[in-house]
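Letter by letter, the chains look like this.
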Amino acid sequence: MSNNSLSITDNRTGKSYELPIENGTIKALDLRKIKASDDDFGLMTYDPAFTNTASCKSRITFIDGDKGVLNYRGYPIEELAQHSNYLETAYLLLNGELPTKGQYDAWSDDIIHHTIIHENVKNLLVAFRYDAHPMGMLMSMVSALSTYYPEAKHIQDPGNRRKQIVRLIAKMPTLAAFAHRHTVGMPFAYPDNDFGYCGNFLQMMFKMTEVKFKVNPVLERALEILFILHADHEQNCSTSAMRGVGSSESDPYSSTGAAIAALYGPLHGGANEQVLRMLQEIGSKEKVPAFIKEVKESGGDVRLMGFGHRVYKNYDPRAKYIKQCADQVFEVTGRNPLLDIALELERIALQDEYFVKRKLYPNVDFYSGLIYQAMGFPVDMFPVLFAIPRTVGWLAQWEEMLQDKEQKIARPRQIFLGHERRGYVPIGARS
Ligand code: CMC
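Below is a short write-up of the structure.

### Section: the overall build of the chain
Alright, step 1. A tally of helices and strands in the chain yields 17 helices and five strands.
Alright, step 2. Computed over the C-alpha atoms, the radius of gyration of the chain is 24 Å, within 12% of the 22 Å expected from 2.2 N^0.38 for a compact globule of 431 residues.
Alright, step 3. Along the first, second and third principal axes, the C-alpha atoms of the chain reach 80 × 65 × 55 Å.
Alright, step 4. Residue burial in the chain is summarised as follows: out of 431 residues, 48% are buried.
Alright, step 5. Considering only intrachain contacts with a sequence separation of at least 6, the fraction spanning at least 24 residues in the chain is 70%.
Alright, step 6. A total of about 22,100 Å² of accessible surface is found on the chain, and carbon and sulfur atoms cover 53% of it.
Alright, step 7. A gap of 4 Å separates the mean positions of the 49 positive and 51 negative side-chain charges of the chain.

### Observations regarding the layout of surface pockets
Alright, step 1. Roughly 170 Å³ of volume is contained in the second largest pocket.
Alright, step 2. Every residue along the wall of the second largest pocket is listed here: Gln 156, Ser 247, Glu 249, Met 401, Leu 402, Gln 403, Asp 404, Lys 405, Gln 407, Lys 408 and Ile 409.
Alright, step 3. Taken together, the residues of the lining of the second largest pocket break down into three nonpolar, four polar and four charged.

### Description of the site of the ligand
Alright, step 1. By nearness alone, 20 residues border the ligand, and His 268, Arg 303, Leu 304, Gly 306 and Arg 310 come closest of all.
Alright, step 2. Here an oxygen atom of the ligand and a side-chain polar atom of Arg 310 are 2.8 Å apart.
Alright, step 3. The contact in question runs from an oxygen atom of the ligand to an N or O atom on the side chain of Arg 358, over 2.9 Å.
Alright, step 4. In isolation the ligand exposes 940 Å². Once the protein is present, 74% of that is buried.
Alright, step 5. Across the shell around the ligand, the residue classes tally to nine nonpolar, seven polar and four charged.

### Some thoughts on the pattern of salt bridges
Alright, step 1. By the definition in use, this model includes 20 salt bridges.
Alright, step 2. For Arg 12, the salt bridge identified is with Asp 10, shortest N-O distance 2.9 Å.
Alright, step 3. With a closest N to O distance of 2.5 Å, Asp 194 and Lys 212 form a salt bridge. Separated by 18 residues along the polypeptide, Asp 194 in the loop between helix H6 (158-184) and helix H7 (197-206) and Lys 212 in the loop between H7 and helix H8 (217-229) bring together distant segments of the chain.
Alright, step 4. Using a relative accessible area of 61% as the deciding quantity, one classes Asp 194 as exposed.

### Focus: the nonpolar core
Alright, step 1. With 116 residues, the main nonpolar core has Ile 169, Phe 201, Met 278, Leu 279 and Leu 345 as its most contacted residues.
Alright, step 2. Broken down by element, this core gets its largest block of residues, 13 residues, from helix H17 (residues 382-403).
Alright, step 3. Look past the residues within four positions of Met 278 in its chain and what remains in contact with it is Phe 291, Arg 303, Leu 304, Met 305, Leu 345 and Phe 366.

### Quick look at empty space enclosed by the protein
Alright, step 1. The tally for this structure, following the rule as stated, stands at two cavities of 30 Å³ or more.
Alright, step 2. Taken together, the residues that form the lining of the largest cavity break down as seven nonpolar, four polar and one charged.
Alright, step 3. Here the second largest cavity is characterised by a volume of approximately 30 Å³.
Alright, step 4. Taken together, Gly 308, His 309, Tyr 312, Asn 314, Asp 316, Lys 359, Leu 360, Tyr 361, Pro 362 and Asn 363 make up the full set of residues lining the second largest cavity.
Alright, step 5. Each residue belonging to the lining of the second largest cavity can be placed in one class, and the counts come to four nonpolar, four polar and two charged.

### Thoughts on the side chain of Lys 171
Alright, step 1. Tracing the chain through its elements places Lys 171 in helix H6.
Alright, step 2. Ignoring any residue separated from it by four or fewer positions in sequence, one finds Lys 171 in contact with His 114, Thr 115, Ile 116, Ile 117, Leu 145 and Tyr 149.

### Things to note about the pairing of strand S1 (residues 5-10)
Alright, step 1. Taken together, the six bridges between S1 and strand S2 (residues 15-20) define a ladder with antiparallel strand orientation. Looking at S2, one finds that Ser 7 is bridged to Glu 18.
Alright, step 2. The loop that links S1 with its antiparallel partner S2 comprises four residues; one of these, Gly 14, has a positive phi angle of about 80°.

### Some thoughts on the environment of Ala 387
Alright, step 1. Locating Ala 387 in the fold gives a position in helix H17.
Alright, step 2. Overall, the relative accessible area of 0% leaves Ala 387 in the buried class.
Alright, step 3. Expressed as a C-alpha distance, the spacing of Ala 387 and Asp 404, which sit 17 residues apart in the sequence, is 25 Å.
Alright, step 4. Setting aside residues up to four positions removed in sequence, Ala 387 forms contacts with Met 135, Leu 138, Leu 263 and Trp 394.

### Quick notes on helix H10 (residues 252-264)
Alright, step 1. Between its first and last C-alpha, H10 extends 18 Å over 13 residues, near the 18 Å set by a 1.5 Å rise per residue.
Alright, step 2. Those residues of H10 lying buried are Pro 252, Tyr 253, Ser 255, Thr 256, Gly 257, Ala 259, Ile 260 and Leu 263.
Alright, step 3. Contacts from the buried residues of H10 go to helix H5 (134-148), H6, helix H9 (237-246) and H17.
Alright, step 4. At the N-terminal end of H10, a side-chain oxygen is found 2.9 Å from the backbone nitrogen of Tyr 253, two or three residues along, and the residue is Asp 251.

Quick notes on the rules
Residues numbered from 1 in each chain as written. Predicted model: local features only at pLDDT ≥ 70, side-chain atom pairs only at ≥ 80, totals over all residues. Heavy atoms only, no water. Helix = DSSP H or I, 4+ residues; strand = E, 2+ residues; numbered from the N terminus. Rg over C-alpha atoms; globule rule 2.2 N^0.38 Å. Buried < 20%, exposed > 50% of the residue type's maximum accessible area, 1.4 Å probe, protein only. Contact = heavy atoms within 4.5 Å. Areas by Shrake-Rupley, 256 points an atom, 1.4 Å probe, with all protein chains shown as cover. Lys, Arg positive; Asp, Glu negative; His and termini not counted. Charge placed at Lys NZ, Arg CZ, Asp CG, Glu CD. 1 Å grid on protein atoms, 1.4 Å probe; cavity = no way out; pocket = protein on both sides within 12 Å on 5 of 7 lines; lining within 4 Å. Points joined across faces, edges and corners; volume = space filled by probe spheres on them. Nonpolar A, V, L, I, M, F, W, Y, C, P; charged D, E, K, R; others polar. Near = heavy atom within 4 Å. Polar contact = N/O pair within 3.5 Å; in protein donor to acceptor, adjacent residues only side chain to side chain. Salt bridge = Lys/Arg side-chain N within 4 Å of Asp/Glu carboxyl O. Core = buried A, V, L, I, M, F, W, Y, C linked by side-chain atoms within 4.5 Å. Pairing = 2+ DSSP bridges. Expected span 1.5 Å × (residues − 1).

Here it is as structure tokens:
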């Protein structure tokens with residue numbers, strides 16, 4: 001019997017089985033041979049929300065949730081945040097290695113030359129109401145891009161795939177900024193090739209009547225860091241949506257639209273918006289203990305937004321870095337008055353038995369919104385600010401999935417607990 005195996009005895013039949021263990025997992029399909037009788041379907045696992053199921057093999061992002069470690073392609077997130085920029089990190093995520101100078105120049109040039117969106121897309125945008133949520137607009141516009149680039153369907157062609165990847169990464173800030181300007185009734189500010197990726201996004205967001213927008217270098221650098229920290233996070237809800245939808249061989253615009261939909265939810269990328277609304281609702285530092293009490297007594301109905309994580313059972317390393325970065329931003333913008341409430345929430349929660357016992361720590365969304373708000377972004381843009389940088393993570397994971405020979409169309413099983421077969425009853429005969 002191999003040491004790298006699991007022995008199972010089925011007490012229904014008394015039969016024993018030996019299943020190989022590979023990378024700390026057993027194959028769920030190996031359980032299928034465990035049957036109570038010859039016509040039995042075979043054993044399955046039951047894992048709602050995939051809390052203990054690996055859905056893929058990946059070489060992109062590593063998380064150790066107990067130690068609070070996050071690496072992209074082996075590089076610690078803190079080192080990338082300190083030394084890299086978003087486009088270089090995006091290249092790393094997609095290609096597996098940091099680019100040489102020549103590769104970086106060609107890559108950023110390619111991105112810069114794909115930032116413009118088809119003029120007709122603006123007509124889609126103006127069809128939305130003035131108060132439409134920018135995440136809803138972004139989701140719709142990204143999905144609509146599949147009709148502008150019908151060749152994107154040819155997902156098995158690596159060159160074609162790369163073209164769509166460049167387009168998506170390049171156009172996302174333009175679509176996001178245009179959605180914002182629609183809600184505030186301002187003329188669209190077009191991309192300007194003189195700026196870097198984040199600087200260009202800032203000018204498209206905030207340019208007024210000046211001929212040339214001046215980007216504050218501290219705020220531009222802060223945005224680069226925030227984008228690096230949000231670029232990928234292995235098999236989270238939106239990435240699983242991207243992989244799941246992409247596994248049916250949808251084009252990348254449709255799959256990214258689905259990923260944006262998953263990110264929009266308040267338990268995922270919508271949490272940064274909810275944190276801000278929660279802080280505004282609490283209103284003052286003095287009211288924090290009462291709010292914490294409400295959370296604890298609600299039986300899970302009221303949550304401390306920006307706290308807790310499926311994988312991290314320690315301080316989220318992204319939150320740690322963002323907290324440090326906040327001081328530099330506040331030196332330029334002035335201190336966000338909501339910071340005091342956030343700090344008090346964190347102070348009380350980290351010593352409260354309820355949060356300690358459940359290993360609930362601040363996550364990436366707890367402090368990011370305070371920075372975004374200080375920079376002048378409206379609160380409903382926060383999830384959009386998550387979607388822009390996460391696009392590269394979705395696309396890197398999507399490409400990895402397409403090239404993985406072990407992957408197929410995603411299709412989970414179910415435990416059926418409904419009625420057995422029964423006959424149709426005419427409406428007049430029903431009680
Ligand atoms: N406030 C209060 N209680 C919480 C919180 C919270 N933020 N998060 C979890 N709990 C409690 C939960 O009620 C449960 O308690 P009990 O054991 O008594 O039933 C326990 O902790 C475990 O929670 P869970 O819901 O089973 O944990 P999960 O792994 O399914 O959920 C989570 C993870 C992130 C959805 C959850 O922690 C949460 O809702 N947090 C608030 C929303 C949030 O900040 N989301 C952003 C996540 S990080 C960015 C991203 O990747 O999207």
